[in-house]
Amino acid sequence: MNKVEEFEDLRPLLFSVAYRILGSVGEAEDAVQETWLRFDSSTTRPTSTKAFLSATVTRISIDVLRSARVRREEYVGPWFPEPLLTDPYQDPARSAELADSVSMAALLLLERLSPLERSVFVLREVFGFGFDEVGAAVGRSEAACRQLLVRARRHMRAGRPRFEADRQERQELATRFFDALREGDVVGLRDLLAADVSMVGDGGGKAPQLARAVVGAENVAQLLASVLPWMARVDVTFEPCEVNGRPGAIFRDRDGKVLHVLALDVFDGQIQTIRSVINPDKLGHLGPVADAWAVDREIKQARRQTR
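Summarised in this report is the structure supplied together with it. Note that the structure is predicted; figures quoted are calculated from it, not measured.

Turning our eyes to something else, we now look at the layout of surface pockets. In this structure, the largest pocket encloses a volume near 660 Å³. Along its surface, the largest pocket is lined by 26 residues, and Pro208, Leu210, Val227, Met231 and His260 are the ones closest to its centre. Looking at the lining of the largest pocket residue by residue, the classes come out as 18 nonpolar, four polar and four charged. As a volume, the second largest pocket reaches approximately 360 Å³. Of all the elements in the fold, those that place two or more residues in the lining of the second largest pocket are α4 (95–101) and α9 (167–183). Ranked by residues supplied to the lining of the second largest pocket, first place goes to α4 with four residues.

Following this line, the structure appears as structure tokens:
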């Protein structure tokens, strides 16, 4: 294969590595593009193109993540990863690790790690790179990478729930949830929610969002059942889909533009967390983005007219 063919063959892997390190579709795509530019300008062919490109995209992602940390600390409200509908990289031998590591919950746990810990964990634990390859990618010895991985595993285990639902159970529960949501069924919704469920929105100050997290099955069920009819009244629709490998849905305005994305965390047979990403900067890769403020004004006007 020539350079272009080699690179395109590895592009899905490179994006998947970068996305897990960065939690951003746009930044991951930029990191992959920068990796191509460095590969294309290189006058020597590496012994292993995969190792070279993986190391390059990892180093670029580490640098981007370090600068992004400051922006995320100043972010308005909760920060969530950009929603990913389809992971371009598939490896049947590591399907469980790949699926688990791309969930919103896992990516938010990865945010607790240092950039080096996060990169070592992603390369070794998720993609199964050898410690020699990991060390070359992050510029540390194999022994240092082993220590980084130990610390990363400890942090990740401490934040994980004890009982995670399997794929079929998650999907069945999500189907019941969205059916109840369409019907405005408060009781049906409440029965699917954990007692301490939380609903949190990420608008980044650029779209209307919840002032604070809504906590508790009754509160969340009442909120969902009361809001959706008004959204339907202004022709907002939603379509269930996978979001970061877990159940979710895309909400659209009457013109089919993306309004926000809902992602569900399902553990121990119940919905534990509902995350809504409505920041328009995080939705552009999914298609044309709706004006959330305009939809919000329309809903408020419809409510006033019924009083």
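Here we take up α9. Its 17 residues give α9 an end-to-end C-alpha distance of 25 Å, which sits within 8% of 24 Å, the value for a rise of 1.5 Å per residue. Remark: Gly184 follows α9 within two positions and exhibits a positive phi of approximately 65°.

So, about the packing of helix α6 (residues 115–126) against helix α8 (residues 142–159). Contact pair α6 / α8: the axes reach a minimum separation of 8 Å and the direction vectors enclose 90°. In terms of axis orientation, α6 runs roughly perpendicular to α8. For the pair formed by α6 and α8, the contact residues are Leu116, Glu117, Val120, Phe121, Arg124 and Glu125 on the first element and Cys145, Leu148, Leu149, Arg151, Ala152, Arg153, His155 and Met156 on the second. Of the residues in the contact of α6 with α8, the class split is eight nonpolar, one polar and five charged.

What follows deals with the pairing of strand β4 (residues 246–252). Of all the seven residues making up β4, seven are buried; the element is thus mostly covered by neighbouring parts of the structure. In this structure, strand β3 (residues 237–243) lies alongside β4, joined through seven bridges in antiparallel fashion. The partner of Glu239 across the bridge, within β4, is Ile250. With antiparallel pairing between neighbouring strands as the criterion, β3 and β4 make up a hairpin whose turn holds two residues, including Asn244 at a positive phi of roughly 55°. One ladder, built from five bridges, connects β4 with strand β5 (residues 258–267); its direction is antiparallel. Its bridge partner being in β5, Ile250 is matched across the sheet by Val261. The antiparallel hairpin formed by β4 and β5 contains five residues in its connecting segment, where Gly256 sits at a positive phi of about 85°.

One broad rule of soluble globular proteins: the nonpolar side chains tend to lie buried together. With 47 residues, the main nonpolar core has Val17, Tyr19, Phe121 and Phe127 as its most contacted residues. Counting only elements with at least two residues in this core, the list comes to α1 (3–22), α2 (25–41), α3 (49–73), α5 (104–110), α6, α7 (131–138) and α8. No other element matches the 10 residues that α1 contributes to this core. Each residue touching Tyr19, except ones within four places of it in the same chain, is listed here: Ser24, Val25, Ala28, Pro81, Glu82, Pro83, Leu84, Val102, Leu107 and Asn244. Ranked by size, the runner-up nonpolar core spans 40 residues in total, among them Leu264, Ile271, Ile274 and Ile278.

Before going further, it helps to spend a moment on the packing of aromatic side chains. Here the structure, examined in full by the defined rule, presents eight aromatic pairs. Taken together, a centroid distance of 6.2 Å and an interplanar angle of 65° make the contact between Trp36 and Phe39 edge-to-face. Residue Trp36 and its partner Phe39 are both found in helix α2; the two are separated by three residues, about one turn of the helix. You'll find Trp36 and Phe39 in the same group, each marked buried. Seen from their ring centres, Phe177 and Phe178 are 5.1 Å apart, and the 75° between their planes marks the pair as edge-to-face. In this pair, the class of Phe177 matches that of Phe178, namely buried. In this structure an aromatic cluster arises from ring pairing among Phe7, Trp36, Phe39 and Phe52.

Calculation notes
- Residues numbered from 1 in each chain as written.
- Predicted model: local features only at pLDDT ≥ 70, side-chain atom pairs only at ≥ 80, totals over all residues.
- Heavy atoms only, no water.
- 1 Å grid on protein atoms, 1.4 Å probe; cavity = no way out; pocket = protein on both sides within 12 Å on 5 of 7 lines; lining within 4 Å.
- Points joined across faces, edges and corners; volume = space filled by probe spheres on them.
- Nonpolar A, V, L, I, M, F, W, Y, C, P; charged D, E, K, R; others polar.
- Helix = DSSP H or I, 4+ residues; strand = E, 2+ residues; numbered from the N terminus.
- Expected span 1.5 Å × (residues − 1).
- Axes fitted to C-alpha atoms, helices over the stretch in contact; angles between N-to-C directions.
- Parallel < 35°, antiparallel > 145°, perpendicular 65-115°, else oblique.
- Contact = heavy atoms within 4.5 Å.
- Buried < 20%, exposed > 50% of the residue type's maximum accessible area, 1.4 Å probe, protein only.
- Pairing = 2+ DSSP bridges.
- Core = buried A, V, L, I, M, F, W, Y, C linked by side-chain atoms within 4.5 Å.
- Phe/Tyr/Trp six-rings, centres within 6.5 Å; stacked < 30°, edge-to-face > 60°.

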